[in-house]
Amino acid sequence: MSLHGDYDAQNIFAQIIRGEAPCYKLYEDEDVLAFLDVFPQSYGHTLVIPKRSAARNILDIDVDSLAKVMAVVQRLTRVLVEELEPAGVQVAQFNGAPAGQTVFHIHMHIVPRFAGEQLGIHASVKAEPAELAQLQARLLRRMGH
Ligand code: 5GP
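Residues numbered from 1 in each chain as written. Predicted model: local features only at pLDDT ≥ 70, side-chain atom pairs only at ≥ 80, totals over all residues. Heavy atoms only, no water.

## As for the side chain of His105
Relative to the assigned elements, His105 resides in the loop between β4 (88-92) and β5 (108-113). Within polar-contact distance, the side chain of His105 engages the side chain of Tyr7 at 2.6 Å. Leave out the neighbours within four places in its chain, and His105 touches Tyr7, Asn11, Phe13, Ile17, Ile49, Pro50, Ser53, Ala55 and Arg56. (Helix = DSSP H or I, 4+ residues; strand = E, 2+ residues; numbered from the N terminus. Polar contact = N/O pair within 3.5 Å; in protein donor to acceptor, adjacent residues only side chain to side chain. Contact = heavy atoms within 4.5 Å.)

Rendered as structure tokens:
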């Protein structure tokens with residue numbers, strides 16, 4: 001059952017946290033990591049994850065870790081809105097495969113929405129590395145890096 005079960009320490013986000021897999025990092029502190037989704041559903045699609053909590057979903061995570069993740073979600077949502085000027089922005093989180101979850105380390109999606117643009121298909125089309133790197137640089141600049 002994908003909603004219940006053991007945490008798999010080999011999931012791709014656990015590998016990213018350990019530095020075993022790369023990411024287009026936007027933010028990191030002791031507890032939270034944020035990076036660009038490599039199969040973005042819109043320009044600027046960002047993921048925010050807890051680093052210390054081996055939680056598959058919202059049922060598992062301790063409230064302190066969740067609060068820290070959400071503080072970064074708000075901060076990065078502001079950055080994305082300021083820099084990319086979308087018409088709207090979705091903040092989403094899926095629990096269990098039937099709800100759309102494909103990676104079983106809890107994460108929040110921040111998905112800017114642009115007028116007249118349909119949402120891309122979930123976790124399906126890989127963005128060009130050059131485009132992701134350029135977007136990462138743009139957002140980091142906005143954050144004062
Ligand atoms: P979920 O379907 O579990 O809510 O979301 C998982 C997200 O992770 C999807 O939006 C998918 O595009 C993204 N994703 C899957 N593999 C990778 C990866 O290797 N790197 C990054 N940055 N995102 C990934």
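Next, the rest of the story.
## Observations concerning a nonpolar patch on the surface
Among the surface-exposed residues, Leu3, Ile58 and Leu59 lie close enough to one another that they form a single nonpolar patch of about 250 Å² accessible area. Tracing the backbone through its elements, the reader meets Leu59 in the loop between β3 (46-50) and α2 (63-84). (Patch = residues over 30% accessible without salt bridge, like charges linked within 9 Å, V, L, I, M, F, W, Y side chains within 5 Å. Areas by Shrake-Rupley, 256 points an atom, 1.4 Å probe, with all protein chains shown as cover. Salt bridge = Lys/Arg side-chain N within 4 Å of Asp/Glu carboxyl O.)

## Some points on the packing of aromatic side chains
Here the structure, examined in full by the defined rule, presents one aromatic pair. For the ring pair Phe13 and Phe35, a centre distance of 5.5 Å and an interplane angle of 75° mean the geometry is edge-to-face. Of this pair, Phe13 sits in helix α1 (residues 12-17) while Phe35 sits in strand β2 (residues 32-36), and the two are 22 residues apart along the sequence. (Phe/Tyr/Trp six-rings, centres within 6.5 Å; stacked < 30°, edge-to-face > 60°.)

## Considering the site of the ligand
Neighbouring residues of the ligand: 18 residues in total, closest Asp37, Gly100, Thr102, His109 and His122. One of the side-chain nitrogen or oxygen atoms of Asp37 is found 2.4 Å away from an oxygen atom of the ligand. In this structure, Thr102 approaches the ligand through a main-chain N or O atom, which is 2.7 Å from an oxygen atom. Burial of the ligand by the protein amounts to 91% of the accessible area it has alone, namely 520 Å². Secondary-structure elements contributing two or more residues to the shell around the ligand are α1 and β2. (Near = heavy atom within 4 Å.)

## Some thoughts on the sheet that holds β2
Two strands in a sheet stick together by hydrogen bonds in their backbones, pointing the same way (parallel) or opposite ways (antiparallel). In space, the five strands of this open sheet follow the order β1-β2-β3-β5-β4, with antiparallel pairing throughout. Both outer strands of the open sheet, β1 (25-28) and β4, are each paired with one neighbouring strand and no more. Going from strand to strand, the sheet's axes swing by 15° on average, the running direction of each strand aside. Pairing of β3 with β5, which is carried by three bridges, proceeds in the antiparallel orientation. If you follow Val48 over to β5, its bridge partner there is Met108. Where helix α3 (residues 129-142) meets the sheet, it contacts β1 and β2, and its direction lies at approximately 40° from that of β1. (Pairing = 2+ DSSP bridges. Axes fitted to C-alpha atoms, helices over the stretch in contact; angles between N-to-C directions.)

## Re unusual backbone geometry
Of note in this structure, Glu85 is not a glycine but carries a positive phi near 50°. Looking at the secondary structure, you find Glu85 in the loop between α2 and β4. One non-glycine residue, Ala123, lies in the positive phi region at around 50°.

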